[in-house]
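# Survey of secondary and tertiary structure
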Amino acid sequence: QRMAYTLQKFTLLDEALAAQRQALELRRSTLGDRHLSTAESVRAMSRLLNARGEYSESIEYNLEAIELYRDLLGDEHDTTREARNLLATTQTRLGQYSEAIVQFNRNLEHTRSKYGDKHLKTAGALHQLAFAYAYQGAYADGLRLNLEALDIRLPIVGKDDCKITILNIGFALISLGRYEEAK
């Protein structure tokens, strides 16, 4: 699996995919289908396929990983949540915005309950959900969420580290025809 990860970093995706398939099959045959290391290999396959732009196949592996993590670690474990987040990101890339929004909302609820309303991870979860709404064309919802994320981030990291959020707010305002506010 380390070899697959290293190859992926150097964008040798074909070789990385072959190595990852081999690693997954080895884990399945030695550890079984219901082992945490097997789940990690399944998720690695999903990430690699995602990097290759093979989103539909990535989703299949990701759903398997989510099921394994849910069974092995619990539904609210951070690793399960991260796998659901990858699913939502992939769904966004496929234009499955409604499905992605459900996953990103679930992630936001989990993050708020674990870290509170004023944590950087909560701001990140808000940003991801806003991203999906913007892609769906629901700019008012995206704006509201990005403003909430900015309220969290700004006092913690300062204006220089909030440029992407500010840019997203400007984009949402322009998309809503609120040009003067976007300035």
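Residues numbered from 1 in each chain as written. Predicted model: local features only at pLDDT ≥ 70, side-chain atom pairs only at ≥ 80, totals over all residues. Heavy atoms only, no water.

## A few points about the pattern of salt bridges
Put simply, the rule is: Just to be clear on terms, a salt bridge is a Lys or Arg side-chain nitrogen sitting within 4 Å of an Asp or Glu carboxyl oxygen. Helix and strand assignments follow DSSP, with helices taken as H or I runs no shorter than four residues and strands as E runs no shorter than two, numbered in order from the N terminus. When a residue's accessible area, from a 1.4 Å probe over protein chains only, is under 20% of the maximum for its type it is buried; when over 50% it is exposed; and in between it is partly exposed.
Using the criterion set out here, one finds 17 salt bridges in the structure. Across the pair glutamate 82 and arginine 43 runs a salt bridge, and its minimum N-O distance is 3.4 Å. Here glutamate 82, found in helix α5 (residues 78–93), pairs with arginine 43, found in helix α3 (residues 36–51); they are 39 residues apart in sequence, far enough to count as distant. Judged by relative accessible area, which is 16%, arginine 43 ranks as buried. Across the pair aspartate 141 and arginine 144 runs a salt bridge whose closest N-O atoms are separated by 3.7 Å. One end of the pair, aspartate 141, and the other, arginine 144, are both in helix α8 (residues 139–157), 3 residues apart, so they sit about a helical turn from each other. By sharing partners, the salt bridges in this structure join Asp14, Arg52 and Glu54 into a single network.

## Here we look at the packing of aromatic side chains
Ring pairs (aromatic) are described by centroid distance and by the angle formed between their planes. So the rule is basically this: A pair of aromatic rings is counted whenever rings of Phe, Tyr or Trp (Trp by its six-membered ring) have centres within 6.5 Å, and the orientation is called stacked for planes under 30 degrees apart, edge-to-face for over 60 and tilted otherwise.
One pass over the full model with this rule turns up 3 aromatic pairs. Ring centres of tyrosine 97 and tyrosine 135 lie 6.2 Å apart, and the angle between their planes is 20°; this geometry places the pair in the stacked category. Taken together, the residues span a long stretch of sequence, with tyrosine 97 in helix α6 (residues 97–115) and tyrosine 135 in helix α7 (residues 120–136) at a distance of 38 residues. Judged by its relative accessible area of 22%, tyrosine 97 is partly exposed. Tyrosine 135 sits in the partly exposed class, given a relative accessible area of 48%. Following the ring pairs from residue to residue traces out a cluster consisting of Tyr97, Phe131 and Tyr135.

Shape descriptors only; they carry no functional weight alone.
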